[in-house]
Amino acid sequence: MINLNKGNSADKIIVTLIENKTIADSGYRFVFTNTSTNKPVQVDFLVSDDISEYPERTNQFIIDTSTVFADYQIGQYLYTVIEIESGVVLEKGKMLLTDVIKETKGYSPVTNYIGYGG
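These numbers were taken from a predicted model, which means no experiment stands behind them. Residue indices begin from 1 for each chain and proceed along its sequence in written order. Only residues with pLDDT of at least 70 are given local features in this predicted model, and only at 80 or more are side-chain atom pairs given and counted; all residues enter the totals for whole chains, interfaces and linings. Only hydrogens and water are set aside when side-chain values are computed; all heavy atoms of the structure are taken into account.

**Quick word on the overall build of the chain**
The helix count covers DSSP runs of H or I at least four residues long, the strand count covers runs of E at least two residues long, and both are numbered beginning at the N terminus. Within the chain, the regular secondary structure consists of 1 helix and 7 strands. Starting at the N terminus and ending at the C terminus, the chain contains elements arranged as β-β-β-β-β-α-β-β. Categorising residues by exposure relies on relative accessible area from a 1.4 Å probe, with only protein chains included: less than 20% of the type maximum marks a residue as buried, more than 50% marks it as exposed, and the intermediate range marks it as partly exposed. Residues classed as buried in the chain amount to 30% of the 118 residues present. Residue contacts are defined here by distance: any two heavy atoms, one from each residue, within 4.5 Å place the two residues in contact. Partitioning the intrachain contacts of the chain with sequence separation of at least 6 by distance along the chain shows that 62% fall at a separation of at least 24. Reported accessibility uses the Shrake-Rupley method at a 1.4 Å probe radius. Residues are deemed covered only where the shown protein chains occlude them. Accessible area of the chain: about 8,000 Å², with a carbon and sulfur share of 50%.

**Regarding the environment of N8**
For N8, the location among the structural elements is in the loop between β1 (2-5) and β2 (11-15). Given the relative accessible area of 26%, N8 is considered partly exposed. Expressed as a C-alpha distance, the spacing of N8 and S66, which sit 58 residues apart in the sequence, is 5.5 Å. Once residues lying within four places of it in the same chain are set aside, the contact partners of N8 are I63, D64, T65 and S66.

**Some points on the sheet that holds strand β6 (residues 75-83)**
Ordered in space as β1-β7-β6-β3-β4, the 5 strands form an open sheet in which the pairing is mixed. One side of each edge strand has no neighbouring strand; the edge strands of this open sheet are β1 and β4 (40-45). Pairwise comparison of adjacent strand axes, ignoring direction, gives a mean angle of 25° for this sheet. Any two strands with at least two DSSP-identified bridges between them are counted as paired. Two strands pair when backbone bridges link them, and strand β3 (residues 28-34) and β6 are joined in this way by 7 bridges, in the antiparallel orientation. Paired with F32 across the bridge in β6 is Y79. Lines fitted to the C-alpha atoms define the axes, with helices restricted to the stretch that makes contact. Angles between their N-to-C directions range from 0 to 180 degrees.

**Considering the packing of aromatic side chains**
Pairing of aromatic side chains here covers Phe, Tyr and the six-membered ring of Trp, requires ring centres within 6.5 Å, and sorts the geometry by plane angle: under 30 degrees stacked, over 60 edge-to-face, intermediate tilted. Scanning the model with the defined rule gives 9 aromatic pairs in all. Note on Y28 and F61: the rings are 5.5 Å apart at their centroids and 65° apart in plane angle, and the pair reads as edge-to-face. A residue pair is termed long-range when its members are at least 10 positions apart, and Y28 in strand β3 and F61 in strand β5 (residues 59-63) qualify at 33 residues. Among the residues examined, F61 registers a relative accessible area of 0% and is labelled buried. Each ring, one from F69 and one from Y77, has its centre 5.7 Å from the other, and the planes form 70°; the classification is edge-to-face. What makes F69 buried here is its relative accessible area of 0%. The rings of Y28, F30, F32, F45, F61, F69, Y72, Y77 and Y79 are connected pair by pair, giving a single aromatic cluster.

As structure tokens, this is what we get:
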């Protein structure tokens, strides 16, 4: 599952696309469809946009969710990754778009011990 944060200007998508790839230089089209509204969001990436250190295993892309999903609601999405040149579906899955993460302070509960002096 892909987890994205709506307010993040540099969120990371990690997928495995190489297994079904048929054209070496073809770009990738990500289509995210909201499960409640069926409203799709489409994002295209070039092969050169892949920032993975190990592209033969995984693919990593940076997405600006603050602009791409600006007019979309948070929640669950289904995604499909398509090879642009051939139209071959490379991967399908789920994506969760969450709200802006707010910084939290530490948590320090009070702990009471009752000892036994036997």
